[in-house]
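A look at the structure
Residue-level listing of the chains:
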Amino acid sequence: MTNDQTPPPNFIKKIIEDDIESGKYNGRVHTRFPPEPNGYLHIGHAKSICLNFGLANEFNGFCNLRFDDTNPIKEEQEYIDSIKTDVRWLGFDWDDREFYASDYFGQLYEWAIKLIKDGHAYVDSLSADEIRAYRGTLTESGRESPYRDRSIEENLDLFERMKKGEFEDGTYVLRAKIDMASGNLNLRDPVLYRILHAEHPRTGDEWCIYPMYDYAHGQSDSIEGITYSICTLEFEDHRPLYNWFLDELDIYHPQQIEFARLNLTYTVMSKRKLLRLVKNNLVNGWDDPRMPTISGMRRRGYPPAAIRDFAERIGVAKNDSTIDFALLEYCLRQELNQSAARVMAILDPLKVVITNYPDDKVEYAEAVNNQEDPAAGTRQVPFSKVVYIEREDFQEIPHKKFFRLAPGREVRLMHAYYITCTDVIKDENGDIVELHCTYDPETWGGDSPDGRRVKGTLHWLSAAHALSAEVRLYDHLFTKENPDDVGEGEDFTANMNPDSLQVIAQAKVEPSLAGAEPGSRYQFLRTAYFCVDPDTTPDHLVFNRTVTLRDTWAKVQQKSN
RNA sequence: UGGGGAAUCGUCUAAUGGUAGGACAGCGGCCUUUGGAGCCGUAUAUCCAGGUUCGAAUCCUGGUUCCCCAGCCA
């Protein structure tokens, strides 16, 4: 899909344009996407990825992929691998600029020694609990650690022994010496290094002290020559600390800019909650198509171009905001409408016997694959005496605005014939089991030579030729726009939608779908967009519903209720 | 009188002293071999109160509301 509108302005572009004009970074634009490999990427990350890589593209700069791997307890190679897959799948390329904060552990250690020597850092012997108690509260200033004035020599010695592994976890930390009375808690002698005798996914057991985020991030940015270190709002009051390290170390100084993270209706976004859904088996893994993870969206059938379009449309600002899920769906339909091949599938089959059609005759209707894309061509769809239509496409006593099939009414079977319903066959319970219709042989292709019109056009399948398939219909994972809107003693899981997954074991699909590749996307005509699930095997097709088609008939029905 | 941020249609987002614009959602219509897509039209907003100014979403003063921060997480 092409979007010929120029990308919208935002406050970060404005800053960059001003900097380019003033020559602040000599016109250079260099960003980075810095995930911690402790979970799978989600659509909130996608916003950040599109922003950082997008800015680099727009201003002829670069964007690095940098893993913020400073906490070996939570990080795993599995997450590193998935993150790379997801960023690439979204359509972005970091060339050879794949970096890790752990690449800089040596340099970071040297800089820590410099801070100690300059009297800006000290080794503290307080326990974690004591440090918390000494930190004070939001409204009361903190107290200085009794170890704050150790000599530089002692600090150097202790820090070196921390690194050598002489001490247990938690016995010592390295702290910056800033201001225990600061109103900004981040400046109350923040911890720079902690002792962690843990195996790191990349550095193994080379280190047993690990830098904290605040100490590692800005310096990593500096080493990589980043110009704009773009992060989310909650880091706003870390910025003074970000600047403090760079200034005290007297090294190249990137600029941190904060923007509002993405919130989406009917969705939870925090890694903690997503992890909980996975670990408690409330969903089927990180790539469950109901998950807002990139891997889940991929499996659900979201095209990367739709996600990029979405990221552009939501904008970038500093307001806390929650995007209407309907916008995402709009972007999906927009993209899928252009790219997805049309195909016929019946989710809830109703048998139709065309009484005046020859018993053993088979004709092949030429069906357009995608009227939005003539290059997609056509295909042959078999037609015969017994067909399936969608059960909801027939009403025995039609609603006044229902213009599909009803007794005595004529409709078009798309690309095939006009048919007229003559009889309704019911079982002993009064349930409709079959329809008898007649067809007009003059209407092959879907047009009548006499120019008469029909109001309804239905999709259909030749019963003898249809393939069976499993179809998975997905809905919002949560029933409330804000899943955290819960009663006392409840949490977000109380709002989980019991109907978020509905499995249709025996749907019918076109024979052309035989052998459809996992990941390929289709529009089931008049129904929804679907994507072939990886669970598919040669004799068992599985489709995931990506997003329904807009359904104005559903609205009409709702209104009349 | 802890610190840091943010307030514009229902929801996002533009407009940086000069006609409050766009998108999604809504509503109405046209068209249609998808009740899809497309097209046209339409209603709805500057947190409040003062002030400066010919003119204020924008500048000033004072309020109000919301978000973030007390990890040896990021």
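All of these numbers come straight from a predicted model, not from anything done at the bench. (Residues numbered from 1 in each chain as written. Chains lettered and ligands numbered in written order. Predicted model: local features only at pLDDT ≥ 70, side-chain atom pairs only at ≥ 80, totals over all residues. Heavy atoms only, no water.)

**Some details on the overall build of chain A**
A count of helical and extended segments in chain A gives 13 helices and 25 strands. In terms of principal-axis extent, the alpha carbons of chain A reach across some 100 × 55 × 45 Å. The buried share among the 561 residues of chain A stands at 52%. Here the contacts in chain A between residues at least 6 apart in sequence split such that 70% fall between residues at least 24 apart. Total accessible area computed for chain A in this model is approximately 25600 Å², and 46% of it derives from carbon and sulfur atoms. Put simply, chain A has 65 plus and 93 minus side-chain charges, and the middle of one group is 4 Å from the middle of the other. (Helix = DSSP H or I, 4+ residues; strand = E, 2+ residues; numbered from the N terminus. Buried < 20%, exposed > 50% of the residue type's maximum accessible area, 1.4 Å probe, protein only. Contact = heavy atoms within 4.5 Å. Areas by Shrake-Rupley, 256 points an atom, 1.4 Å probe, with all protein chains shown as cover. Lys, Arg positive; Asp, Glu negative; His and termini not counted. Charge placed at Lys NZ, Arg CZ, Asp CG, Glu CD.)

**Regarding the confidence of the model for chain A**
Mean pLDDT for chain A: 96, with 99% of residues reaching 70 or above. Overall fold confidence (pTM) sits at 0.96, and the ipTM for the predicted complex is 0.97. (pLDDT = per-residue confidence, 0-100.)

**Here we look at the protein's contact with RNA strand B**
In the vicinity of RNA strand B, 72 residues are found, and the nearest of them are Arg 342, Arg 404, Gly 445, Gln 523 and Arg 526. Residue Ile 314 places a main-chain N or O atom 2.9 Å away from a sugar or linking oxygen belonging to RNA strand B. Arg 404 places a side-chain nitrogen or oxygen 2.4 Å from a base nitrogen of RNA strand B. The biggest single contributor to the surface near RNA strand B is helix α12 (residues 325-339), with five residues. (Near = heavy atom within 4 Å. Polar contact = N/O pair within 3.5 Å; in protein donor to acceptor, adjacent residues only side chain to side chain.)

**A word on the packing of aromatic side chains**
Any aromatic ring pair is given by two values, namely how distant the centres are and how the planes are angled relative to each other. Per the counting criterion, the structure on display carries 29 aromatic pairs. Taking 4.6 Å as the distance between ring centres and 70° as the angle between the ring planes, the aromatic pair formed by Tyr 417 and Tyr 439 counts as edge-to-face. One end of the pair, Tyr 417, is in the loop between β16 (410-413) and β17 (418-426); the other, Tyr 439, is in strand β18 (residues 432-439), with 22 residues separating them in the sequence. The class for Tyr 439 is buried, based on a relative accessible area of 11%. Chaining the aromatic ring pairs together yields one cluster made of Phe 105, Tyr 109, Phe 159, Tyr 193, Trp 207, Tyr 210, Tyr 215, Trp 244 and Phe 245. The ring of Tyr 109 carries Lys 163 above its face, with NZ or CZ at 5.0 Å from the centroid. In this structure, Lys 273 packs its charged tip against the face of Phe 492, placed 5.8 Å from the ring centre. (Phe/Tyr/Trp six-rings, centres within 6.5 Å; stacked < 30°, edge-to-face > 60°. Lys NZ or Arg CZ within 6 Å of the ring centre and 35° of its normal.)

**Overview of the sheet that holds strand β3 (residues 98-100)**
The strand order across the open sheet built from three strands is β1-β2-β3, with neighbouring strands paired in parallel fashion. Of all strands in the sheet, those with a lone pairing partner are β1 (30-33) and β3, marking the two edges. Direction aside, the axes of adjacent strands within the sheet are offset by 35° on average. For strand β2 (residues 62-67) and β3, the ladder comprises three bridges, and the chain directions are parallel. Bridged to Phe 67 within β3 is Tyr 100. Lying on the sheet, helix α2 (residues 43-58) is in contact with β1 and β2; it crosses β1 at an angle near 160°. (Pairing = 2+ DSSP bridges. Axes fitted to C-alpha atoms, helices over the stretch in contact; angles between N-to-C directions.)

**Overview of the nonpolar core**
Counting 40 residues, the largest nonpolar core has Ile 43, Ile 49, Val 87 and Phe 310 as its most contacted members. Looking at this core, the element that brings in the most residues is α2, giving six residues. Residues from two domains meet in this core; each of domain 1 (11-264) and domain 3 (471-561) gives at least three. Ignoring sequence-local partners within four residues, the contact set of Val 87 consists of Phe 33, Leu 41, Ile 49, Phe 53, Phe 92 and Trp 94. Core analysis: the second largest hydrophobic core is formed by 32 residues, Ile 113, Leu 174, Leu 187 and Trp 244 among them. (Core = buried A, V, L, I, M, F, W, Y, C linked by side-chain atoms within 4.5 Å. Domains from an automatic or database assignment.)

**Some thoughts on α12**
Given a rise of 1.5 Å per residue, 15 residues ought to cover 21 Å, and the 21 Å separating the end C-alpha atoms of α12 matches this to within 8%. Those residues of α12 lying buried are Phe 325, Leu 328, Cys 331, Leu 332, Arg 333, Glu 335 and Leu 336. Close packing links the buried residues of α12 with α2, α11 (304-314), β10 (341-343), β23 (521-524), β24 (528-532) and β25 (541-548). (Expected span 1.5 Å × (residues − 1).)

**Re the packing of α11 against α12**
What describes two packed helices is the angle between their axes and the distance between those same axes. Between α11 and α12, the least distance of the axes is 9 Å, while the angle of their chain directions is 135°. The angle between α11 and α12 falls in the class oblique. Handedness of the crossing formed by α11 with α12: right-handed. Taken together, the residues of α12 that come into contact with α11 (itself represented by Ala 305, Ala 306, Asp 309, Phe 310, Arg 313 and Ile 314) are Leu 327, Leu 328, Tyr 330, Cys 331, Leu 332 and Glu 335. (Parallel < 35°, antiparallel > 145°, perpendicular 65-115°, else oblique. Left-handed = near helix turned anticlockwise from the far one by under 90°.)

**Observations concerning the pattern of salt bridges**
By the definition in use, this model includes 45 salt bridges. Put simply, Arg 32 and Asp 221 hold a salt bridge, and the shortest N to O gap is 4.0 Å. Here Arg 32, found in strand β1, pairs with Asp 221, found in helix α7 (residues 213-223); they are 189 residues apart in sequence, far enough to count as distant. The exposure classification of Arg 32 matches that of Asp 221, with both residues buried. Taken together, the salt bridges that share partners define one network made up of Asp 287, Arg 299, Glu 470, Arg 472, Asp 533 and Asp 535. (Salt bridge = Lys/Arg side-chain N within 4 Å of Asp/Glu carboxyl O.)

**Considerations on the pairing of strand β12 (residues 349-354)**
Looking at chain direction, β12 and strand β15 (residues 386-390) are connected through five bridges and run antiparallel. Bridge pairing links Pro 349 to Glu 390 in β15. As judged from the four bridges shared by β12 and β18, these two strands associate in the parallel manner. When the bridges of β18 are listed, Val 353 appears paired with His 436.

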